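These are the residues of each chain, in order.
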Amino acid sequence: MSDPRTDTAPPGGIDYIEVEESPRFTELKRRQRGFVFPMAIAFLVWYFAYVLLSSFAPEFMAQRVWGDITVGLIFGLGQFVTTFAITMTYVWYANRKLDPIAEEIRDDLEARQEASA
């Protein structure tokens, strides 16, 4: 397939390919991926460990911890807790590390758009 990109900006518009290849946008993508990929891998390992333990270690998962509370129940509820913790951590991370760069890029693009109008 041929590359549909052109080397020139559209007339009177913003060259979004140039913006995408800019150092600030590259830094934004690097930071976002630097958080999302390791966190996704960690969660998937945790999730599959739970599934595999449920399938191949039922005696371990059935061990009572307190009353009718078992290791499997604690691990299962831990999946929900982990999901909320990851979400809250990502929101915190995005607000402090990603949003300032995104706002800087957006402000620059809006200024360019106003200048070309």
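If you're wondering where the values come from, they're calculated on a predicted model, not measured in any experiment.

Peer 1: Just give me the short version of the overall build of the chain, but keep the residues and values in it.
Peer 2: Each helix and strand in the chain was counted, giving four helices and two strands. When the elements of the chain are put in sequence order from the N terminus, they spell out α-α-α-β-β-α. By the burial criterion, 17% of the 117 residues in the chain qualify as buried. Looking at the chain alone, contacts between residues at least 24 apart form 60% of all its contacts between residues at least 6 apart. Counting every atom, the chain has about 8,900 Å² of accessible surface; 65% of that belongs to carbon and sulfur.

Peer 1: Tell me what's going on with the nonpolar core, and back it up with residues and numbers.
Peer 2: Note on soluble globular proteins: their nonpolar side chains tend to be buried together. Core analysis: the biggest nonpolar cluster contains 10 residues, these being I14, V19, L28, F35, Y93, A94, L98, I101, I105 and L109. Dropping the residues within four chain positions of it, L28 is found in contact with L98, I101, A102 and I105.

Rules behind the numbers
Residues numbered from 1 in each chain as written. Predicted model: local features only at pLDDT ≥ 70, side-chain atom pairs only at ≥ 80, totals over all residues. Heavy atoms only, no water. Helix = DSSP H or I, 4+ residues; strand = E, 2+ residues; numbered from the N terminus. Buried < 20%, exposed > 50% of the residue type's maximum accessible area, 1.4 Å probe, protein only. Contact = heavy atoms within 4.5 Å. Areas by Shrake-Rupley, 256 points an atom, 1.4 Å probe, with all protein chains shown as cover. Core = buried A, V, L, I, M, F, W, Y, C linked by side-chain atoms within 4.5 Å.

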